[in-house]
Structure formats: structure tokens, C-alpha cells
Amino acid sequence: GAAISLLISEVVNFSLNLYIITRILNVRSFESVFLKIAGAGLIMAASTYMLSEVSVLLAILAALIVYPGALFVFKAITPHTVSQIRNMVVQNQRI
């Protein structure tokens, strides 16, 4: 019962957040953006996995660099998107 309730609430939460974020950031093609983000995540996971045998701390540091880099390479986020997000954060801090 609790697991099913959690799953339903998470799906509803994800759907509402997705709707709001795509409206605010004017994202037209969600599938394209989703695939780019998933690809960046896979690259980050692969680099983290390879480096985890050497050092967990090194793997975490690499993930912090690889994931944003892959997002920019795949053009999942652009400098314009970053400035939009930064403006939203600044506006919320003033409230």
C-alpha cells in the first residue's frame, strides 16, 4: 500500500514539475531534452564507475565536472538557460 502510494505521488509530482518547468523555460521538445540529459547521466555514471575503483572521492569530483560538461556538449542546457535559472534563483532570494 505505502509503496504504491509513494509511486503514485512521485509520478504526479514529476508530471506537475515537468509541466511547470517546461512552461517557464519555454522548452518545446521535452523528448529531445530528456534524451540529452539521460545521455549526460550515462556518461557521468560510466566515468564514476571507472574511477570508483581508484578512489570514491576522485569519482565524485569527476562526476561534478563530467555531468555539467556533458550537458553543455549535448546542448541540453545553454548559457541562456543558465542565466534564466540564475535569474529565477535571485528573484526567489529577494522574496
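Further up the page is the structure itself.
Chemist: What exactly am I supposed to notice about the overall build of the protein chain here?
Modeler: Scanning the protein chain from terminus to terminus reveals 4 helices and 0 strands. Along its sequence from the N terminus, the protein chain presents helices and strands in the succession α-α-α-α. For 95 residues, the compact-globule formula gives about 12 Å, and the C-alpha radius of gyration of the protein chain, at 17 Å, lies well above that figure. By its C-alpha atoms, the protein chain is 45 × 40 × 30 Å across when sized along the principal axes. Counting the 95 residues in the protein chain, one finds 14% classified as buried. Considering only residue pairs separated by 6 or more positions, the protein chain has 50% of its internal contacts joining residues 24 or more positions apart. For the protein chain, the computed accessible surface area is about 7500 Å², with 71% contributed by carbon and sulfur atoms.

Chemist: Before we go on, may I ask you to explain helix α3 (residues 56-73) in this structure?
Modeler: An α-helical segment advances 3.6 residues per turn. Residues three or four places apart therefore align on the same side. Along its 18 residues, α3 runs 25 Å from first to last C-alpha, staying within 8% of the 26 Å computed at 1.5 Å per residue. Taken from the residues just after α3, Lys-75 is the one with a positive phi, measuring 60 degrees.

Chemist: What exactly am I supposed to notice about helix α1 (residues 2-24) here?
Modeler: End to end, α1 covers 33 Å across 23 residues, agreeing with the expected 33 Å (1.5 Å per residue, within 8%). Once α1 ends, the next one or two residues include Asn-26, with phi positive near 55 degrees.

Quick notes on the rules
Here the residue index of a chain counts from 1 through its sequence in written order. Local features in a predicted model are, by the rule used here, given only for residues with pLDDT of at least 70; side-chain atom pairs are given and counted only at 80 or more, and totals for whole chains, interfaces and linings are based on all residues. Values reported for side chains reflect all heavy atoms of the structure, with hydrogen atoms and water molecules removed beforehand. Only DSSP runs of H or I covering at least 4 residues are called helices, and only runs of E covering at least 2 are called strands; the numbering of each starts at the N terminus. Only the C-alpha atoms count toward the radius of gyration. The rule for a globule is 2.2 Å times the residue count to the power 0.38. Here's how the labels work: a residue is buried when its accessible area is under 20% of the maximum for its type, exposed when over 50%, partly exposed in between, all with a 1.4 Å probe on protein chains only. Any two residues whose heavy atoms approach within 4.5 Å at even a single point are treated as in contact. Per-residue and other accessible areas follow the Shrake-Rupley method at a 1.4 Å probe size, with only the shown protein chains counted as cover for residues. An expected span of 1.5 Å times one less than the residue number is assigned to each helix.

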